[in-house]
Each structure stands twice: as structure tokens, then as C-alpha cells.
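An overview of the molecular structure
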Amino acid sequence: MKTVYVIDVESGNLQSLFNAIKRIGGYDVKFIHDAKEFADYNDSIEKLIFPGVGNYAHFIKQLHDRELVDPITKYIESGRSLMGICVGLQAFFESSEESDNSEYQGLGYLKLGLSKFNKSDPVFTQRKQLKAVPHIGWNSVNTIKANNTTLSKTTSFFGINTVNKYYFVHSYAAILKDEQQEKVISEAISNGWDIAFARYGSEIFLAAVSYKNFFATQFHPEKSGVAGLKVIKSFLEGSKFSDVTTSDAQPVDNIENTLSGLTRRIIACLDVRSNDDGDLVVTKGDQYNVRESSGDSDENKVRNLGKPVELATRYYNQGADEVTFLNITSFRNSPLKDLPMLKVLSTAAETIFVPLTVGGGIKDLVDPISGEKVPAAKVASLYFRSGADKVSIGSDAVTIAENYYANDKQKTGTTSIETISATFGSQAVVISVDPKRKYVRSPSETTMETIHIQDPLKYGPAGEKYCYYQVTSQGGRVTHELGALELCLACEDLGAGEILLNSIDHDGSNKGFNLELLRQVKEKASIPVIASSGAGKPEHFQEVFDMDCGIDAALGAGLFHRGEYEVNDVKRYLQKECSMDVRLDDTVEL
């Protein structure tokens, strides 16, 4: 069996890459952590993968601290094959705005700098929207330049084609911003570089590059379903160009070109907790009450909808773009004792090749058994090393936001949001918000930004014409004098990369998403917003994606758990009935 070697500077989830290579089959995997290990393995390395996750400056510093820059450079000069992924691509550029003050710069193979996507992209501001940054979701590769010409749609480039969708998650990219950068790209192509381009809003950026024995992608192939596995397989097999097959995707006429270029992202969510027998099960609440109330012998028992790994795998096979685990009983005693949830993640990641998010108890802790202080970044690292791509912070985010406002919006650099995003990148931090509508007679009754209710049928019980959404913590049990909007803006400023916006009023209702809450937050926040709570049928997903504020993704739970709809039922409805762009790759073959 051949061996693939993977550079690991411990900056995020590499378990999924390991699992992807194992899924392809025929290869063993060994990790290289420093120069000594590189030297030990050097004579045996024929295929080297260089993945990077998280903050650019942290990643580059790790390369230097571990003395890996020189052996990687010499390896490439030797003519052996190397594949970079995400920050593993970015490291080969000269510099990044993400690390202007860093003592280390990039490796400089392409004389380009990385810049941050523009949240005030003109194509968005013309519609009175902000472009969400980070760029998170499934996007297309629009153009591939190879051998100094444009590849046809029938030819793939290391398995990459212009038909499939690929999973991107980054705030910075090699964006073609001016004539000088376009000149550098043009000269590189003339000198033998092959380059694939993608679009985010009006900004064109490099999605993949190849030069001689070197190949790298900005997107995560190990998180791009079977289409992404084909990219890794093509690199391992040295198959640079091949024919695109009819099974690679289902092209449909008259499909929208979204403003961003991203597809409509559908997320499957699993609320996981221990049942009364101590087993981890998937449950579903009605306004956050997860216990049965049917009056039979199972009255007041935790509602059991199935086993977490089994259901998560089912939803992946049904076409889920992401899977989210919300561990609603995690770390009640000790983070280091939460082995069942870590096992759920690691087992799920073996067969699920889309992003995995996990939430519950991610904060600074003191282990009650050992007395050890466990910082939030270490707790997050446990999850990342088990296969998670993002962590969701709920109750701790409320405390952090309250302190942020109490200290006149001063950052400390020590909160869980700040420390995790500084190491693993803002895209790795999701804020899970659990708000409940609070009616007021006048905006003067609160310092929170209120919503003027237009529909008399939706006035409060005493005829109140205004409301705001008051956040809760501890699974909805504790209420705080803080609005959902104010919480989201605080967490965005502190470094969060995405908002999971729930609604206690709509939870378990099957009456559709809370559109007024979603609009209030999305119109002010400039990070992606995921709609959650209330989806009961495909039309509800259409309704939320039709909003003119530009919701980034929508999450479903109960309608999938009950078997009323499969994920691809929702996607096919959006595609067929609404001409919306969705990722459908259930016919793609490895």
C-alpha cells in the first residue's frame, strides 16, 4: 500500500482529510509535524499534502517555528508532488492582509498578496445588502486556464470542473483587484501556471493553481462531497486532465445566478443529548422542551428520534450541505469526560464529507476532577481533532456580549470567541442565538433596537406595536436584558464568523422561519446568517431565500427527523419550482 504524507501544524480539522484518503482507498496516511519528522520520512515521500486551516499568520508562524519552510521548499524543488489546501494554498503567495504585522510572510511562489473580501461589494450595496464575509458555502469554479488556454466544460483539471460545486470557507483570497495583479496572473499563465478562477459577488479570485509538480486549491476538497474526493483522488493518481462525465452533476436550464455565486445552502441539524438511560440520542424540542407529554407510559421521557451518527450519515447521503450537532447536555461535569460526543464526531467524520459543526459547552472551564484550567481554544481543539470544522458558541456568547457592552465595547483578547478565531480563524466560530420575542409599548422602554410591528394580527397581548428579541442562555432557561441583534453585532466585532439564528417562538412550530427576526439581524450583520427554527415544508425554505436581505443558509431538523421530507426533496423543490441554484450531486461517482 502506498503512503500519503500530510503536513500537520495542528491548526484545525485534519481528521476529515485522513478519512477522505481512506475513503478513496489504497493509501496509508502519515502525519509530519516538524522538520525532524520530515527528514525521517523524506526519502519515502512521493505524495505530500499541505493542508491549512484557520488564521494565516498563525499558520505561517507554525511553519517557521517547526522549521518546515526549508524542507517543503527543497521537496518542491526535487520535483515530487505536493497538494496544498486552503491556507496551504495561501502560504505560497507573498503576503496577506490578515497578517500585516507578522514577522513572517508567505513563501512567494506567486507574486500576489491576499486581501479580504469586500463586504461593501457594489453588486450587494446596490440592493442595500452587505456581502457576508467570510465567504462560506458551495461555489462554482467558473473558468480554468490550462496550457495557456481556457479548458472546455467537458475537461476537468485534477478532477475540478465548472459543473460541480465545491465548499469554500475563507475571508481572504488572491483577488484580482487591479491591472497589476491581472498582469502577474497573465505572466504566470504564460510561464506554465494553470489557474482556476471563481467568483464571490463581483470579486474574481484564484480557486486553484498548478505549476509543474505543485497543485493547490482554495476550497476544501475533503469537505466537498464526492466531487471533492475526486479532486484528491486525481492528485494522488497524477491524473491532471480527464473527461467530465454525465454523472458529475445534474445541469438544469434556467437556474438563477445568485448574487454571491453561492448555492442555496441547506443544513441538517441534530439536537443531541443523553436520554434517561444515559445514551446519546437525537431529540427535538417544542419551544425547547424535549420531553414527551403524550400521557402514555413514555410521558416526560426525553423524545428519542434516533442515533446521532446514523441520522447524520442519512442526511449526508440525502444531500445535506452541512450537518450540525448541538450537544445540549455537554460538559455538565467535565470537558475531558465528554468522550461519547467526541466519538460521535469522529465516527460521523469517517463517512460524511461535508462540513460538521458542533456546539455545547465550548468555553473556558475548570475540570472539576483534575482542577486543570481548560481554555476554550483547547476545548474547541478537542472537537476539531475529532472531525469538527466549526464550533458553535451559545451561552458563553451571551456572557461575552454582556461584558463587551459593560466595558464600552472594549476587546480583551481572552474570550472564547477571540481566542478560538485567533488560532483557527473566524470561519471556525459560529454563534448560536436563542432569542424570544418581547413586546414593548414604545421603543423608549428599552435600549435595544426594536421592530415596529406592521400587522395588527401580530400585536402583543396588550396591543403592543413594538418588540425586540430577548436572548436566552442555558437552553432557553435564563433570560437576559440583551437583544439578539446586539448580541450578534458584539460577537461579529469580537471575531465570530457565522450566526445560527434560532427562534424560541418558532421552534417546533412547523409554521416557517421567523422572518422579522432574520431581517433585523441580516440587514445589520456582515457575517453569514443561518435561518433556524420553524421549517416544516420546502415552501418555508423558498420563503426565507426569497427575502431581499440575502439570508445565507437555512437549517432544518424536525421535517427531516420525522421522515416527511428528505434533504434533496427540499433542494429539488427549490430547483424545479423556484429556479434556485442548489448543490445536487447524488449521481457523482468516485
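Every chain is numbered on its own, with residues counted from 1 as its sequence reads. Thresholds applied to this predicted model are a pLDDT of at least 70 for local features of residues and 80 or more for the giving and counting of side-chain atom pairs; totals over whole chains, interfaces and linings are not thresholded and use all residues. Excluded from the side-chain calculations are hydrogens and water; all other atoms, namely the structure's heavy atoms, are used.

1. Focus: the confidence of the model for the chain
With 92% of its residues at a pLDDT of at least 70, the chain reaches an overall mean of 91. Values of pLDDT, the confidence the predictor places in each residue, fall between 0 and 100. Between two residues, a contact is recorded if the distance between any of their heavy atoms is within 4.5 Å. Within the model, pLDDT remains below 50 along residues 287–292, and this stretch shows 30 contacts once partners closer than five positions in the same chain are excluded.

2. Digging into helix H12 (residues 395–406)
An ideal rise of 1.5 Å per residue puts 16 Å on twelve residues; H12 measures up with 17 Å between its terminal C-alpha atoms. On its buried face, H12 is in contact with strand E23 (390–393), helix H13 (416–424), strand E24 (429–433), strand E27 (466–473), strand E28 (478–483) and helix H14 (484–494). Here a strand is any run of E in DSSP of at least two residues, a helix any run of H or I of at least four, and the numbering for each starts at the N terminus. Remark: aspartate 408 follows H12 within two positions and exhibits a positive phi of approximately 60°. Expected span of a helix, by definition, is 1.5 Å for each gap between consecutive residues, and there is one gap fewer than residues.

3. Description of unusual backbone geometry
The linkage connecting valine 133 with the following residue, proline 134, adopts the cis geometry, with an omega of 15°. Within the secondary structure layout, proline 134 lies in the loop between helix H6 (122–125) and strand E7 (135–139). Its identity as a non-glycine residue notwithstanding, lysine 409 has a phi of 65°, on the positive side. Structurally, the position occupied by lysine 409 is in the loop between H12 and H13. The backbone of serine 579 sits at a positive phi, close to 55°, despite the residue not being glycine. In this structure, serine 579 sits in the segment after helix H18 (567–578). According to the relative accessible area criterion, serine 579 is partly exposed, its value standing at 30%. Relative accessibility thresholds used throughout: buried, under 20% of the residue-type maximum; exposed, over 50%; partly exposed, between the two (1.4 Å probe, protein chains only).

4. Regarding the packing of aromatic side chains
Stacked, edge-to-face and tilted are the three classes for Phe, Tyr and Trp ring pairs, Trp counted by its six-membered ring, which pair at centre distances within 6.5 Å; planes under 30 degrees apart are stacked, over 60 edge-to-face, the rest tilted. Considering all chains together, one arrives at 25 aromatic pairs under this definition. Ring centres of phenylalanine 38 and tyrosine 75 lie 6.3 Å apart, and the angle between their planes is 75°; on these two criteria the pair is classed as edge-to-face. Of the two residues, phenylalanine 38 sits in helix H2 (residues 35–41) while tyrosine 75 sits in helix H4 (residues 69–77), which places them 37 residues apart along the sequence. In this structure phenylalanine 38 comes out as buried when scored by relative accessible area, which is 2%. On the basis of relative accessible area, tyrosine 75 is assigned to the buried category, the value being 1%. Ring centres of phenylalanine 158 and phenylalanine 215 lie 4.1 Å apart, and the angle between their planes is 25°; on these two criteria the pair is classed as stacked. A residue pair is termed long-range when its members are at least 10 positions apart, and phenylalanine 158 in the loop between strand E10 (155–157) and strand E11 (166–170) and phenylalanine 215 in strand E15 (residues 214–217) qualify at 57 residues. Neither phenylalanine 158 nor phenylalanine 215 differs from the other in exposure class; each is buried. Through a chain of ring-to-ring contacts, the aromatic side chains of Phe50, Phe59, Phe92, Tyr109, Trp193, Tyr211 and Phe214 assemble into a single cluster.

5. Section: the pattern of salt bridges
Each reported salt bridge corresponds to a side-chain nitrogen of Lys or Arg within 4 Å of a carboxyl oxygen of Asp or Glu. Here the structure, examined in full by the defined rule, presents 33 salt bridges. Residue lysine 74 pairs with aspartate 70 through a salt bridge whose shortest N-O separation is 3.2 Å. Separated by four residues within a single helix, lysine 74 and aspartate 70 lie in helix H4, roughly one turn from each other. Of the residues examined, aspartate 70 reaches a relative accessible area of 44% and is grouped as partly exposed. Between arginine 314 and glutamate 310 there is a salt bridge whose closest N-O contact spans 3.7 Å.

6. Quick notes on helix H16 (residues 538–545)
For H16, the full list of buried residues reads Pro538, His540, Phe541, Val544 and Phe545. Summarising the axial view, the buried residues of H16 lie within an arc of 160°, below the 170-degree limit, and thus occupy one face. Regarding the arc, it is the one traced by the directions from the helix axis to the C-beta atoms.

7. Quick word on the packing of helix H11 (residues 376–386) against H13
The N-to-C vectors of H11 and H13 enclose an angle of 50°; their axes lie 8 Å apart at closest approach. The pairing of H11 with H13 is recorded here as oblique in orientation. Helix-helix and strand crossings are classified by hand; for H11 and H13 the assignment is right-handed. Between H11 and H13, the contacting residues are Ala376, Ala377, Ala380, Ser381 and Phe384 on the first element and Ser416, Thr419, Ile420 and Phe424 on the second. Basically, the charged four are Asp, Glu, Lys and Arg, the nonpolar ten are Ala, Val, Leu, Ile, Met, Phe, Trp, Tyr, Cys and Pro, and anything else, Gly included, counts as polar. Classifying every residue of the contact of H11 with H13 gives six nonpolar, three polar and no charged. Helix axes are fitted to C-alpha atoms over the stretch in contact, other axes to C-alpha atoms as well, and angles between N-to-C directions run from 0 to 180 degrees. For this classification, under 35 degrees means roughly parallel, over 145 means roughly antiparallel, 65 to 115 means roughly perpendicular, and everything else is oblique. Crossings are assigned a handedness: left-handed for a near helix turned anticlockwise from the far helix by less than a right angle, right-handed for a clockwise turn.

8. Here we look at the sheet that holds strand E5 (residues 93–96)
Strand pairing follows a simple DSSP-based rule, namely that at least 2 bridges must link the two strands. With mixed pairing, three strands are arranged side by side in an open sheet as E5-E6-E12. With one partner strand each, in any of the chains shown, E5 and strand E12 (172–173) form the two edges of the open sheet. Alignment of E5 against strand E6 (residues 110–116), held across three bridges, turns out to be parallel. Bridge pairing in E6 links serine 96 to leucine 114.

9. A word on the sheet that holds strand E8 (residues 141–146)
One open sheet accounts for nine strands, arranged E2-E1-E3-E4-E15-E14-E13-E8-E9; its pairing is mixed. Looking along the sheet, the strands with just one partner apiece sit at the ends: strand E2 (27–32) and strand E9 (149–150). Summarising the sheet, E8 and strand E13 (residues 194–200) pair through four bridges and their orientation is antiparallel. Bridge pairing in E13 places threonine 143 opposite phenylalanine 197. Set on the sheet, helix H8 (residues 225–237) makes contact with strand E1 (2–7), E2, strand E3 (47–52), strand E4 (81–86) and E15; between it and E4 the angle comes to about 160°.

10. Focus: the nonpolar core
Counting 171 residues, the largest nonpolar core has Ile21, Ile72, Ile160, Leu206, Phe325, Ile420 and Phe541 as its most contacted members. In this structure isoleucine 420 touches Ile362, Ala376, Ala377, Ala380, Phe384, Val391, Ile393, Gly425 and Val429, once residues within four positions along its chain are discounted. Each nonpolar core is a collection of buried residues, namely Ala, Val, Leu, Ile, Met, Phe, Trp, Tyr and Cys, held together in the definition by side-chain atoms within 4.5 Å. By size, the runner-up hydrophobic cluster in this structure holds nine residues, among which are Ile267, Leu326, Val430 and Ala553.

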